[in-house]
There are 2 protein chains.
Amino acid sequence: MEELKKYIRSVPDFPQAGVNFYDITTLLQNPVGFQKALKPMEEFIKKRGAQKIVAIESRGFIFGAALADRLNLALIPARKPGKLPYETISEEYALEYGTDKLEMHADAINKGEKVVIVDDLIATGGTIQAVGKMVERLGGEVVGVSVVIALTFLPYQEKLQKYEVNYLISYDKE
Amino acid sequence: MEELKKYIRSVPDFPQAGVNFYDITTLLQNPVGFQKALKPMEEFIKKRGAQKIVAIESRGFIFGAALADRLNLALIPARKPGKLPYETISEEYALEYGTDKLEMHADAINKGEKVVIVDDLIATGGTIQAVGKMVERLGGEVVGVSVVIALTFLPYQEKLQKYEVNYLISYDKE
């Protein structure tokens with residue numbers, strides 16, 4: 001899938017100096033590119049036997065929603081604090097400085113349900129790990145993680161070692 | 001489309017006392033409901049001859065992404081400030097107290113392109129109006145606005161009177 005890289009725009013020094021940002025908006029504005037990304041994600045999720053897709057706010061919503069529609073699966077949003085109106089559970093995750101938090105509705109997952117977590121990108125794996133913990137607290141089983149991009153120079157493997165992680169393209173240095 | 005209301009959860013006093021929040025997560029977690037919402041949005045966008053979908057962060061991403069996939073259209077995100085990495089333009093809009101801002105990439109729309117704006121809900125119309133202004137500043141033409149829910153007790157019509165607005169269900173009192 002390395003050919004997908006031609007749809008990704010690399011923006012230097014965003015959001016801060018020295019960081020290279022991999023911009024998926026150029027992928028999204030090309031329907032051929034978007035669908036080339038969706039197809040293998042769709043196949044992975046089907047193969048894993050998932051019953052629900054948990055998509056992480058907010059770029060994860062883009063891939064998760066199209067995949068839920070393609071696969072006739074429930075779409076569950078994992079959101080930033082204060083956005084979900086009903087009873088929620090939450091998990092903190094570490095940032096470079098301090099922590100942040102994600103929430104899910106407490107009634108979003110039923111015991112024993114098989115779930116795939118979808119996002120655009122894995123960096124440190126902290127947000128995906130937090131979402132995995134919430135799914136498991138609700139009694140669900142994380143049968144896979146599906147993302148477009150993995151930053152393989154960052155140490156996400158340790159955090160996500162118990163999960164089957166599928167990515168389409170990787171960048172192995174900053 | 002009033003039957004879609006059975007998939008929407010009404011949550012009282014969110015985000016503040018006296019406000020009724022129409023929760024679409026119950027729609028999203030039911031694939032039948034999600035697709036019942038997507039189908040008429042898809043037909044509207046096709047009928048309007050749109051070439052691009054501009055989806056508003058972040059619940060608009062969910063509907064916009066599935067529709068872009070169904071219709072083979074470019075998906076352009078309108079995002080909260082500081083999220084888009086490349087050259088952006090922005091528009092402010094009024095909140096109950098103060099203002100907020102949305103951004104789009106300056107190269108996201110080409111002159112003469114026909115655009116439909118997608119979001120989950122129209123309340124005052126302020127965010128959609130701001131996005132419409134950005135599309136027009138970039139030379140695009142807003143051929144329609146497609147949302148799931150319209151809060152028809154709020155005065156959005158005036159702000160959006162020059163647009164063809166399509167909604168699936170409406171609530172006419174708080």
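Predicted model, so just to flag it, every value in this text is computed and none were measured.

### What to know about the sheet that holds strand β8 (residues 141-151) of chain A
Consider a sheet: its strands pair through backbone hydrogen bonds, and that pairing is either parallel or antiparallel.
All names here are of chain A.
Link 1 in the chain: Overall, parallel pairing links the 5 strands, which are arranged β4-β3-β7-β8-β9 in an open sheet. The open sheet has two edge strands with one neighbour each: β4 (74-78) and β9 (165-171). In this sheet, neighbouring strand axes are inclined to one another by 20° on average, regardless of whether the strands run parallel or antiparallel.
Link 2 in the chain: The pairing of strand β7 (residues 114-122) with β8 spans 8 bridges and is parallel. Each residue of the ladder has a partner; that of valine 116, found in β8, is glycine 144.

### A look at the pairing of β8 of chain A
Residue and element names in this part refer to chain A.
Link 1 in the chain: Counting buried residues in β8 gives 10 out of 11 residues, a clear majority hidden from the surface.
Link 2 in the chain: Running through helix α4 (residues 126-137), the crossover from β7 to the neighbouring parallel element β8 is right-handed.
Link 3 in the chain: Relative to β9, β8 is paired through 6 bridges, and the arrangement is parallel. Residue pairing in the sheet places valine 145 in a bridge with valine 165 of β9.

### Focus: the interface of chain A and chain B
Link 1 in the chain: Contact residues are listed per partner, giving 38 residues for chain A and 38 residues for chain B.
Link 2 in the chain: Contact between chain A and chain B buries roughly 3200 Å² in total, counting both sides, with carbon and sulfur atoms accounting for 56%.
Link 3 in the chain: On the chain A side of the interface with chain B, the three residues burying the most area are Gln29, Asp69 and Pro85 of chain A, jointly 19% of the side's total.
Link 4 in the chain: On inspection of chain A and its partner chain B, the count reaches 4 salt bridges.
Link 5 in the chain: Applying the counting rule to chain A against chain B returns 18 residue pairs in polar contact (both at pLDDT 80 or more).
Link 6 in the chain: At the level of secondary structure, the elements contributing two or more residues to the side of chain A that touches chain B comprise β1 (9-12), β2 (20-23), α1 (25-28), α2 (31-47), α3 (59-71) and β4 of chain A.
Link 7 in the chain: Per-element tally for the side of chain A that touches chain B: the top contributor is α3 of chain A, with 8 residues.
Link 8 in the chain: When its residues are assigned to classes, the side of chain A that touches chain B shows 21 nonpolar, 7 polar and 10 charged.

### Looking at the relation of the copies chain A and chain B
Link 1 in the chain: Overlaying chain A on chain B yields an RMSD of 0.0 Å, the required transformation being a rotation through 180° with an accompanying axial translation of 0.0 Å. These values place the two chain copies in the arrangement generated by a two-fold rotation axis. Residues of chain A ranked by C-alpha distance from the rotation axis are headed by alanine 66 of chain A, positioned 2.1 Å from it.
Link 2 in the chain: Of the residues that chain A buries at the interface, 100% are likewise interface residues in chain B, meaning the two copies contact each other through the same surface.

What counts, and at which threshold
Residues numbered from 1 in each chain as written. Chains lettered and ligands numbered in written order. Predicted model: local features only at pLDDT ≥ 70, side-chain atom pairs only at ≥ 80, totals over all residues. Heavy atoms only, no water. Pairing = 2+ DSSP bridges. Helix = DSSP H or I, 4+ residues; strand = E, 2+ residues; numbered from the N terminus. Axes fitted to C-alpha atoms, helices over the stretch in contact; angles between N-to-C directions. Buried < 20%, exposed > 50% of the residue type's maximum accessible area, 1.4 Å probe, protein only. Right-handed = clockwise from strand over helix to strand, strands pointing away. Contact = heavy atoms within 4.5 Å. Buried area = accessible area lost by both parts, 1.4 Å probe. Salt bridge = Lys/Arg side-chain N within 4 Å of Asp/Glu carboxyl O. Polar contact = N/O pair within 3.5 Å; in protein donor to acceptor, adjacent residues only side chain to side chain. Nonpolar A, V, L, I, M, F, W, Y, C, P; charged D, E, K, R; others polar. Least-squares fit on C-alpha atoms with pLDDT ≥ 70 in both.

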